[in-house]
Amino acid sequence: MARFIFITGGVVSSLGKGLASAALGALLQARGFTVRLRKLDPYLNVDPGTMSPFEHGEVFVTDDGAETDLDLGHYERFTGVSARRADSVSSGRIYSNVLEKERRGEYLGKTIQVIPHVTDEIKEWISADGNDSDFMLCEIGGTVGDIEGLPFFEAIRQFAQDRPPEECIFMHLTLLPYISASGELKTKPTQHSVKELRMIGLQPDILVCRSETPIPDKEKAKIALFCDVRPEAVIPAYDLKSIYEAPMAYHAAGLDQAVLDAFRINPVPKPNLTRWVDIEDRIHNAEGEVRVAIVGKYTLLEDAYKSIAEALMHGGMANRVSVNSDWIDAEIFEREDPVPYLVPYQAILVPGGFGERGTEGKIKAAEFARLHKVPYLGICLGMQTAVIEAARNLAGMKDAGSEEFDGGTEGKSFTPVVYHLKEWIKGNERIERSVDDAKGGTMRLGSYRATLTEGSRAASIYGCSSIDERHRHRYEVNVKYRKALEKTGLRFSGNSPDGTLPEIVEWTDHPWFIGVQFHPELKSRPFDPHPLFADFIRAAKEMSRLV
Ligand code: GLN
């Protein structure tokens, strides 16, 4: 049976609860334990799949096809443990399950209430599909005191109450603001936040205190006294240059020791932190720099492409270079010549996206990369726009387009080199879709196999002949045009095992130009950089040598 660590936050949002949870997961692994991490989100969307990346940042897709919160990306990157559908749940999902059960008559005529029906449903999620690890870390989204978070806080209180005390602990993240006029760190907001927790019956075992400046022992002792935690369980968390310093920093601050002490685990196994020492060395001792242009749509909110930014950094670590990426709004290239914008970069990445806005600019970016022989990685929509570019400019299909953007204009005639996917095979199942389907959860989602073409660049980068990668798309390059496109030198180097769905394309006469229908960024880890990102940055590094 797993031990449970519940992670909550107070004072303000965006304190880095997800990161603290992920780093703690990594530290427990370093001590020889197995971990799972889970996120409980109080918002009412059933999942983040339909939320705009501007609203909520990236949608992180799991192998089993769940569309989840981006914190699951941190969890996977720090622990290497692949998340599953049960690792992300929102109020929306909980309520919709409860209401479905009510409609089916499963509550036998009872009045349905937040306590116990909603809290029971939450408790079921907390322990569902999670018996395969020593520790289950459950992060509660939002901040203590949020109205919509209350059922979750009540549920974790009950959950711990139902079990022996050594099975559950509570960790709370707060902020110590620095008042420069008096030169003091203030503990009062932390005291209030803990008071808020206690009012709903939760007593933290560990307090993680974010602070810009060192926390004097006197203040630590005060927090311990007023919040009723042991002084060694008051863990300072200072700002870091890189998120990958978090495991070592939390270890130095005593977090893993405090957690093991709270569970009364004795003797504590010694940690093996070599993985994180090596990562820090690669970050701090880079031997050069490459510049990557990311030509996309959601460029204003960095979290919208979180996994891509991280995967690029991992590619840099693999090559001992730092990766400096700039986000360029694709729409600019619809008005202006891309050349002066893109010349300073050693590589171009066009990420995934939805809708028409900016697509013509992405097509221009692909054309620039092809003509100027600049390394290009197109992900999902970035592959589709590269194929449209090839069709229009080399295969004689001047009106090539995608049903996603051209299909909406009544009477517009175009060649649908990218079309709406109506059916595909998942395992032994045939999945069918229609254009009128509801938007939530209806895409081709999760891990699918692709077969790599012998002798292709893709096969040599992966070093194998078949791969499993995560997908999230409704449209697909139309295999009908494969022959016409291959004649121009665009090789279809990865395809679904039945050959009907193109998964990877590459230019044969180009130093590095690859488009992929899937999202390789979701499987990259700092200690195990994704081969495509590692090789993309290697190619960029070659370019910087040529300049
Ligand atoms: N909008 C495209 C599709 O649905 C691409 C999706 C993506 O880039 N993730 O196929």
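Computed from a predicted model, the values in this text were never measured in an experiment. (Residues numbered from 1 in each chain as written. Predicted model: local features only at pLDDT ≥ 70, side-chain atom pairs only at ≥ 80, totals over all residues. Heavy atoms only, no water.)

**Notes on the sheet that holds strand β6 (residues 135-140)**
Here's step 1: Here seven strands make up an open sheet; going across it, the order is β5-β2-β6-β1-β7-β10-β11 and the pairing parallel. Each edge of the sheet is formed by a strand with only one pairing partner; in this case those strands are β5 (88-90) and β11 (234-238). Ignoring which end each strand starts from, the neighbouring axes of this sheet average 20 degrees apart.
Here's step 2: Here five bridges tie strand β10 (residues 206-211) to β11, and the two strands are oriented parallel to one another. Looking at β11, one finds that V208 is bridged to I235.
Here's step 3: Sheet strands touched by helix α7 (residues 188-199): β1 (3-9), β7 (168-175) and β10. Its angle to β7, the strand with the most contacts, is close to 145 degrees.
Here's step 4: Lying on the sheet, helix α10 (residues 255-262) is in contact with β1, β6, β7, β10 and β11; it crosses β10 at an angle near 160 degrees. (Pairing = 2+ DSSP bridges. Helix = DSSP H or I, 4+ residues; strand = E, 2+ residues; numbered from the N terminus. Axes fitted to C-alpha atoms, helices over the stretch in contact; angles between N-to-C directions. Contact = heavy atoms within 4.5 Å.)

**Quick notes on the pairing of strand β24 (residues 502-507)**
Here's step 1: Burial analysis of β24 places six of its six residues in the buried class, which makes it a mostly covered element.
Here's step 2: Across five bridges, strand β23 (residues 490-495) lies against β24 in antiparallel orientation. By the bridge assignment for β24, L490 is matched with W507.
Here's step 3: From the end of β23 to the start of β24, which pair antiparallel, there are six residues, and G499 there has a positive phi angle of about 80 degrees.
Here's step 4: Across three bridges, the pairing between β24 and strand β25 (residues 513-516) is antiparallel. Within the sheet, the bridge partner assigned to E506 lies in β25 and is I514.
Here's step 5: Hairpin remark: β24 followed by β25, antiparallel, with five residues in the connecting loop. (Buried < 20%, exposed > 50% of the residue type's maximum accessible area, 1.4 Å probe, protein only.)

**Re the environment of Y345**
Here's step 1: Inspection of the secondary structure puts Y345 in the loop between α14 (339-342) and β14 (347-350).
Here's step 2: Residue classification places Y345 among the buried positions, given a relative accessible area of 9%.
Here's step 3: Beyond its immediate sequence surroundings of up to four residues, Y345 is in contact with R291, V292, A293, D326, I328 and V374.

**Overview of the sheet that holds β14**
Here's step 1: The nine strands lie next to each other as β13-β12-β14-β15-β25-β24-β23-β20-β21, forming an open sheet whose pairing is mixed. Every interior strand has two partners, whereas the edge strands, β13 (322-329) and β21 (466-473), have only one. Across this sheet, the average inter-strand angle for adjacent strands is 25 degrees, counted without regard to direction.
Here's step 2: When strand β15 (residues 376-379) meets β25, the two strands line up parallel, connected through four bridges. Across the sheet, the residue bridging to I379 is V516, located in β25.

**Here's the deal with the packing of aromatic side chains**
Two measures describe an aromatic ring pair: the distance that separates the ring centres and the angle between the ring planes.
Here's step 1: With the rule as written, the count across this model stands at 14 aromatic pairs.
Here's step 2: Their ring planes at 10 degrees and their centres at 5.5 Å tell us that Y305 and W327 sit as a pair that is stacked. Remark: W327 occurs in strand β13 and Y305 occurs in the loop between β12 (289-296) and α12 (306-319); sequence separation between them is 22 residues.
Here's step 3: Here a set of aromatic residues connected by ring pairs shows up, and it is made of F4, F6, F159 and F170.
Here's step 4: In this structure, R444 packs its charged tip against the face of Y448, placed 4.2 Å from the ring centre. (Phe/Tyr/Trp six-rings, centres within 6.5 Å; stacked < 30°, edge-to-face > 60°. Lys NZ or Arg CZ within 6 Å of the ring centre and 35° of its normal.)

**Details of the packing of α7 against helix α8 (residues 217-227)**
Here's step 1: Contact pair α7 / α8: the axes reach a minimum separation of 10 Å and the direction vectors enclose 20 degrees. It follows from the interaxial angle that α7 and α8 lie roughly parallel. Of the two possible hands of crossing, α7 and α8 adopt the one that is right-handed. When α7 is examined against α8, the residues T190, Q191, V194 and R198 are found in contact with a partner set consisting of K222, I223, F226 and C227.
Here's step 2: Among the residues making up the contact of α7 with α8, the classes are represented as four nonpolar, two polar and two charged. (Parallel < 35°, antiparallel > 145°, perpendicular 65-115°, else oblique. Left-handed = near helix turned anticlockwise from the far one by under 90°. Nonpolar A, V, L, I, M, F, W, Y, C, P; charged D, E, K, R; others polar.)

**Structural notes on helix α3 (residues 71-79)**
Here's step 1: Counting buried positions over the nine residues of α3 gives nine, a clear majority of the element.
Here's step 2: Within α3, burial applies to D71, L72, G73, H74, Y75, E76, R77, F78 and T79.
Here's step 3: Following α3 by one or two positions, G80 has its phi on the positive side, about 75 degrees.

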